[in-house]
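This is what each chain is made of:
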Amino acid sequence: MSLSHQDVARIARLSRIAVTDAEIDAVSRQLNGILGLIEQMQAVDTDGIEPMAHPQDVSLRLREDVVTEPSRREACQAVAPQVENGLFLVPKVIE
C-alpha cells in the first residue's frame, strides 16, 4: 500500500499536525516505509508460534511472602481521638 501526497496531507490534517508542502515528500516516504514494514511482518507465517511476554527467556526473581514489619495498629489507635471496635470514628462532614 502506498500513500499519495493527498493521503499524507489528509492524515496530517486529521491528526492536527502541521506539514508543509516541502515536508510532504519526506513524510510520505517515511509513512510508506512504515507501511511496507508492516506488510512484511504480516506476511510472516506465525501459526504454531507461542506468544511471548518478553523477547528473552527471563523469569522474575521471587521472594518469599513473609511479613517483614511489625503491626503498628495498636500504636496508631492509641493516639486516635475515638476508636470503636477497632475502627477510627470521624465526624460527619456532609449534611
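What you are looking at is a predicted structure, and each value in this text was computed from that prediction instead of being measured.

Draft legend 1. How the structure looks around a nonpolar patch on the surface. A cluster of nonpolar residues, I34, L37, I38 and M41, forms a patch on the protein surface that exposes about 380 Å² of accessible area. Given the relative accessible area of 36%, I38 is considered partly exposed.

Draft legend 2. Region of the structure containing the environment of V93. Structurally, the position occupied by V93 is in the segment after β2 (87-88). Separated by 87 residues in the primary sequence, V93 and Q6 place their C-alpha atoms 60 Å from one another.

Draft legend 3. Representation of the side chain of S28. Mapped onto the elements, S28 comes out in helix α2 (residues 21-43). Apart from the residues within four sequence positions on either side, S28 is in contact with L3, H5 and V8.

Draft legend 4. Representation of the packing of helix α1 (residues 5-14) against α2 within the structure. Their axes nearest at 10 Å, the elements α1 and α2 cross at an angle of 95°. Between α1 and α2, the interaxial angle falls into the category roughly perpendicular. Only I24, D25, V27, S28 and L31 of α2 make contact with α1, whose side of the interface consists of H5, V8 and A9. By residue class, the composition of the contact of α1 with α2 is five nonpolar, two polar and one charged.

Draft legend 5. Region of the structure containing the environment of P91. Counting through the fold element by element, P91 comes out in the segment after β2. Once the C-alpha coordinates of P91 and I34 are considered, the two residues, 57 residues apart in sequence, prove to be 61 Å apart.

Calculation rules
- Per-chain numbering applies: the sequence of each chain, read as written, is numbered from 1 onward.
- With the structure being a predicted model, the display of local features is reserved for residues of pLDDT at least 70 and the display and counting of side-chain atom pairs for 80 or more, all residues being used for whole-chain, interface and lining totals.
- Side-chain descriptors were evaluated using all non-hydrogen atoms of the structure, hydrogens and water having been removed beforehand.
- Patches here: salt-bridge-free residues with over 30% relative accessible area, like charges joined within 9 Å, nonpolar side chains (Val, Leu, Ile, Met, Phe, Trp, Tyr) joined within 5 Å.
- Only the protein chains shown count as cover for residues, and all accessible areas are computed by the Shrake-Rupley method using a 1.4 Å probe.
- Put simply, a salt bridge is a Lys or Arg side-chain nitrogen that is within 4 Å of an Asp or Glu carboxyl oxygen.
- Throughout, exposure labels follow a simple rule: accessible area from a 1.4 Å probe, protein chains only, divided by the maximum for the residue type, with under 20% read as buried, over 50% as exposed, and the rest as partly exposed.
- Secondary structure elements follow DSSP: runs of H or I of four or more residues count as helices, runs of E of two or more count as strands, with numbering from the N terminus.
- In what follows, residue pairs with any heavy atoms lying within 4.5 Å of each other are defined as contacts.
- Angles here are taken between N-to-C directions and fall from 0 to 180 degrees, while the axes themselves are lines fitted to C-alpha atoms, restricted in helices to the stretch in contact.
- Orientation is classified from the angle alone, with under 35 degrees giving roughly parallel, over 145 giving roughly antiparallel, 65 to 115 giving roughly perpendicular, and any other angle giving oblique.
- Amino acids outside the nonpolar list (Ala, Val, Leu, Ile, Met, Phe, Trp, Tyr, Cys, Pro) and the charged list (Asp, Glu, Lys, Arg) are all regarded as polar, and Gly is one of them.

Interpretation in functional terms is not warranted from these geometric data alone.
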